[in-house]
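# Overview (structure and organization)
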Amino acid sequence: MAVAETAHIEINYVIGDYEIEEIVSQKNVTFSKFDLGKNLGFKDKPVWFRINAQTDNVVDGQHLIITPVHIDNIQVFANSVHGYEKILNAGDRETSPISMIPEGYSVTLTSYQLDAPIYIEIASKNVIYPSFKIVGFNEARHLAITSVFWFSLSFGITLLYFAWATSAVVSSPQLLLLTFILRLAMFSGALFVHSGMWRFLTSLESLPPQDLIHNVTGLAYITVAQLFDFALLRTIYCKTAIKAFLIMVLLSALAKTVFFISGEVSLALIVNNISALLTLLLGAMMVVLPRQNKIDTSKIQLSRTAVGAYFILQAIPLILLFILSYFENSNYLRISDIMFMNYALVPGGFIAYAMLKHQQRTYRANTELELRAQHFIELSLLEQEKRSEMKRLLETLAHEIKTPLATLQMAEAVGRIDQKILQKSTDSISTVLNQISRVEHIERGAFVLETTEIDLCSLIKNVLKSVDSSANIECMDIKVNADWNGLYIVLSNLVGNGEKYKKPKTQVSITIEKLSDSIDVLIKNALSRPILEPDRLFEKYYRDTTNANQPGTGLGLYLAKYLTHAFGAELKILKSDDEFVMRLSFSSGM
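Below, the structure is looked at part by part. The model shown is predicted, which means the values in this text are computed figures rather than measured ones.

Quick notes on the rules
- Residues numbered from 1 in each chain as written.
- Predicted model: local features only at pLDDT ≥ 70, side-chain atom pairs only at ≥ 80, totals over all residues.
- Heavy atoms only, no water.
- Core = buried A, V, L, I, M, F, W, Y, C linked by side-chain atoms within 4.5 Å.
- Buried < 20%, exposed > 50% of the residue type's maximum accessible area, 1.4 Å probe, protein only.
- Helix = DSSP H or I, 4+ residues; strand = E, 2+ residues; numbered from the N terminus.
- Contact = heavy atoms within 4.5 Å.
- Expected span 1.5 Å × (residues − 1).
- Patch = residues over 30% accessible without salt bridge, like charges linked within 9 Å, V, L, I, M, F, W, Y side chains within 5 Å.
- Areas by Shrake-Rupley, 256 points an atom, 1.4 Å probe, with all protein chains shown as cover.
- Salt bridge = Lys/Arg side-chain N within 4 Å of Asp/Glu carboxyl O.
- Lys, Arg positive; Asp, Glu negative; His and termini not counted.
- Charge placed at Lys NZ, Arg CZ, Asp CG, Glu CD.
- Disulfide = S-S within 2.5 Å.
- Phe/Tyr/Trp six-rings, centres within 6.5 Å; stacked < 30°, edge-to-face > 60°.
- Lys NZ or Arg CZ within 6 Å of the ring centre and 35° of its normal.
- Pairing = 2+ DSSP bridges.
- Axes fitted to C-alpha atoms, helices over the stretch in contact; angles between N-to-C directions.
- Parallel < 35°, antiparallel > 145°, perpendicular 65-115°, else oblique.
- Left-handed = near helix turned anticlockwise from the far one by under 90°.
- Nonpolar A, V, L, I, M, F, W, Y, C, P; charged D, E, K, R; others polar.
- Polar contact = N/O pair within 3.5 Å; in protein donor to acceptor, adjacent residues only side chain to side chain.

## Focus on the nonpolar core
Counting 45 residues, the largest nonpolar core has Leu232, Val307 and Phe350 as the members making the most contacts within it. Elements represented by at least two residues in this core include exactly α3 (137-171), α4 (175-194), α6 (211-234), α7 (243-261), α8 (265-285), α9 (304-326) and α10 (332-414). Take this core: its biggest share by element is 8 residues, from α9. Leu232 has contacts with Leu176, Leu302, Val307, Tyr310, Phe311 and Phe350, leaving out every residue within four places of it along the chain. In this structure, Ile460, Val490, Val495 and Ile523 belong to the second largest nonpolar core, which totals 39 residues.

What follows is the structure, encoded as structure tokens:
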């Protein structure tokens with residue numbers, strides 16, 4: 001348990017080059033009240049603090065905790081039998097004893113020492129905003145665990161960002177991601193140093209000085225962060241618009257370097273802090289500028305609103321720090337911790353968001369390209385199919401017209417062209433052209449069906465005459481509802497097909513059957529050999545190879561099937577081995 005929480009500690013301070021004897025005697029020394037968490041700013045002279053533990057529960061083994069870790073020099077004086085003696089000499093510039101916590105320094109106090117004021121001298125070229133706690137061992141251990149936890153969480157998130165950005169830059173190398181990776185690398189180093197974890201984890205007996213690496217990483221990290229901001233603005237605005245931003249970054253980097261090398265560390269750190277705020281404000285103001293004319297869609301693209309929000313989120317904690325510092329508010333330390341994490345982790349989340357949006361846009365673009373490619377492939381296949389169909393049509397025409405033309409040529413050669421030969425040849429050519437014309441009309445929807453009541457037997461007899469068929473018919477007086485022209489075409493094709501492919505010296509037979517739920521027309525013809533692929537007979541242009549020597553377009557059964565379905569009937573092949581049987585079925589309710 002803490003013997004002196006914040007409410008139980010009275011802290012006063014004075015600034016000046018005093019000796020411990022002057023401070024203890026308070027000759028020519030005037031102390032002022034100090035509120036923990038207040039920023040005293042940059043001080044050229046040491047700051048002396050006097051701590052009184054206002055508690056009756058004073059025991060041995062208490063620990064004075066002093067933070068933050070980046071204080072250059074800390075000297076702690078406590079009362080003893082011989083007067084005030086130095087019990088701790090530590091700091092960023094000193095070889096310090098092992099601390100109870102990584103983010104600061106600690107010294108063990110006795111009850112005798114706590115009965116009198118504790119005096120602490122702090123000298124630092126960094127901003128001075130110290131915090132003091134007097135706690136027991138268990139709470140000191142809890143503070144150490146908490147520090148390690150938050151460090152591990154921050155470092156783990158940074159590593160996650162780093163791994164993700166590295167994998168992203170492999171597939172999409174661009175300046176924004178490269179500077180983001182550099183920023184993460186610099187932040188990781190700065191986090192190790194500024195949290196004190198570097199000395200805490202690598203030292204066994206004492207903590208080595210780290211002032212140089214602390215200041216260098218702090219200065220370098222801000223410069224790298226500003227270069228990342230430049231790369232971010234470069235994705236939106238043209239080079240002319242962001243020239244002022246880049247010039248400011250380069251001038252601030254040059255000024256920091258000159259001041260640091262010349263030994264003016266405080267000035268270098270002041271320039272560092274001011275330039276960080278100014279570049280963020282400038283970036284936020286650039287949101288009102290128009291976007292560049294040409295945008296590379298292969299790169300990460302961000303909206304002006306998103307970029308403006310990024311700069312504002314980064315700038316707000318810095319602005320608060322300047323305000324709190326000016327008014328000497330005690331919340332400076334709390335906001336400073338938030339600022340450090342915000343200035344490091346917000347860019348990671350922002351870039352993750354931007355990359356996710358970029359990947360979504362890329363995915364949508366790729367999907368659109370794939371859809372377009374698929375569309376073009378489908379168009380190409382459709383065009384190939386049309387060309388293939390046209391080729392088959394021309395081959396069919398050439399094949400079917402060649403026979404009657406050859407007949408006419410032979411008749412002409414022997415001088416025996418008569419009306420019968422001429423009429424037969426003309427009819428053959430006309431049949432082919434009519435068949436093709438009907439298919440074309442049906443497929444483009446120009447063939448209109450009109451359902452009427454039809455005397456089935458009468459229609460079949462008309463069909464037999466038109467195709468010159470001697471088919472045997474078993475007929476009955478029965479009527480069906482169908483389109484007269486369509487049914488005529490269907491029956492003509494079925495009967496004609498039977499006559500064409502029947503076994504020699506056999507007869508086509510037609511039977512009409514009236515069943516309980518249907519009226520069936522069965523058309524049969526004997527076959528010389530089985531049909532190899534009966535299921536394909538209804539395909540367009542298909543002709544069975546066993547009858548390839550017979551004339552035909554391969555459109556008859558296709559047309560019959562199409563029309564039959566159109567007026568609500570059913571056409572089916574029942575047998576195709578020694579006998580070919582087609583069944584045309586009408587619903588008995590028609």
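## Considerations on α6
Between the first and last C-alpha of α6 there are 35 Å, a value that for 24 residues agrees with the 34 Å anticipated at 1.5 Å per step. Most of α6 sits out of view: 18 of its 24 residues are buried.

## With respect to the side chain of Gln210
One can find Gln210 in the loop between β11 (206-207) and α6. Excluding its chain neighbours within four sequence positions, the residues that come into contact with Gln210 are Val69, Asp92, Val193, Trp198 and Arg199.

## Looking at a negative patch on the surface
A cluster of like negative charges, contributed by Asp17, Glu19, Glu21 and Glu22, occupies part of the molecular surface. If you trace the backbone, Glu21 turns up in helix α1 (residues 20-25).

## Re the pattern of salt bridges
Taken as a whole and judged by the stated rule, the model has 10 salt bridges. Put simply, Lys575 and Glu579 hold a salt bridge, and the shortest N to O gap is 3.8 Å. Each of the salt bridges in this network shares a partner with another, and the network as a whole consists of Asp72, Arg93 and Asp211.

## Looking at unusual backbone geometry
Cis geometry is found at the peptide bond from Thr67 to Pro68, where omega equals 5°. Checked against the element boundaries, Pro68 lands in the loop between β4 (62-67) and β5 (73-80). The residue Gln26 is not glycine, and still its phi comes out positive at about 60°. On the secondary structure map, Gln26 appears in the loop between α1 and β2 (32-33). With relative accessibility at 38%, the residue Gln26 sits in the partly exposed group. Even without glycine at this site, Lys505 takes up a positive phi of about 65°. Following the sequence through the fold, Lys505 ends up in the loop between α13 (484-501) and β15 (509-514).

## Structural notes on the side chain of Asn272
Looking at the element boundaries, Asn272 is found in helix α8. Apart from the residues within four sequence positions on either side, Asn272 is in contact with Gly218, Leu219, Ile222 and Lys256.

## Focus: the state of the cysteines
One covalent bond between the sulfur atoms of two cysteine residues makes up a disulfide. Counted under the stated rule, the structure contains 1 disulfide. Two residues share a disulfide in this structure: Cys457 and Cys475, whose sulfurs sit 1.6 Å from each other. Of this pair, Cys457 sits in helix α12 (residues 456-466) while Cys475 sits in the loop between β13 (472-474) and β14 (479-483); the two residues are 18 residues apart in sequence, bridging distant segments of the chain. Among the residues examined, Cys475 registers a relative accessible area of 30% and is labelled partly exposed.

## So, the packing of aromatic side chains
Under the criterion given, the structure shown has 18 aromatic pairs. Aromatic side chains Tyr13 and Phe49 sit 6.2 Å apart centroid to centroid with 35° between the ring planes, which places their arrangement in the tilted category. One end of the pair, Tyr13, is in strand β1 (residues 9-15); the other, Phe49, is in strand β3 (residues 47-53), and 36 residues separate them in sequence. When its relative accessible area of 0% is taken as the criterion, Phe49 is described as buried. Arranged with centres 5.7 Å apart and planes meeting at 10°, the rings of Phe151 and Phe155 form a pair that is stacked. In this pair, Phe151 and Phe155 both sit in helix α3, 4 residues apart, roughly one turn of the helix. Above the face of the Phe31 ring, Arg50 is positioned so that its terminal group lies 4.4 Å from the ring centre. If you follow Lys561 out to its NZ or CZ, it ends over the ring of Phe538, 4.8 Å from the centre.

## Quick notes on the sheet that holds strand β10 (residues 131-135)
Backbone-to-backbone hydrogen bonds pair the strands of a sheet. The strands run either parallel or antiparallel. Taken in spatial order, the 3 strands line up as β8-β4-β10 in an open sheet, and their pairing is antiparallel. Looking at which strands have only one partner, the edges of the open sheet turn out to be β8 (105-109) and β10. Across the sheet, the axes of successive neighbouring strands diverge by a mean angle of 20°, strand direction being ignored.

## A look at the environment of Pro97
Summarising the element assignment, Pro97 is placed in strand β7 (residues 96-97). Taking the C-alpha atoms as reference points, Pro97 and Ser203, separated by 106 residues in sequence, lie 9.9 Å from one another. Aside from chain neighbours lying at most four places away, what touches Pro97 is Leu88, Asn89, Ala90 and Leu207.

## A look at the packing of α8 against α9
Where α8 meets α9, the axes come as close as 9 Å, and the angle between the chain directions of the two elements is 140°. It follows that α8 is oblique to α9 by the angle criterion. Here α8 runs over α9; the crossing is left-handed. Residues Asn273, Ile274, Ala276, Leu277, Thr279, Leu280, Leu281, Gly283 and Ala284 of α8 touch α9, and the partners they reach there are Phe311, Ile312, Gln314, Ala315, Leu318, Ile319 and Phe322. In terms of residue class, the contact of α8 with α9 is made up of 12 nonpolar, 4 polar and no charged.

## A closer look at the sheet that holds strand β6 (residues 83-90)
With antiparallel pairing, 6 strands are arranged side by side in an open sheet as β2-β1-β3-β9-β5-β6. Each end of this open sheet is capped by a strand with a single partner; those strands are β2 and β6. Where β3 meets strand β9 (residues 118-123), 5 bridges bridge the pair, whose relative direction is antiparallel. Bridge pairing links Val47 to Ile122 in β9.

## Quick look at the environment of Arg93
Inspection of the secondary structure puts Arg93 in the loop between β6 and β7. Separated by 116 residues in sequence, Arg93 and Pro209 have C-alpha atoms that sit 4.8 Å apart. When sequence neighbours within four positions are dropped, the list of residues in contact with Arg93 reads Asp72, Lys125, Pro209 and Asp211. Polar contacts involving the side chain of Arg93 include one to the side chain of Asp211, which spans 3.1 Å.

Purely geometric stuff here, so don't read any function into it on its own.
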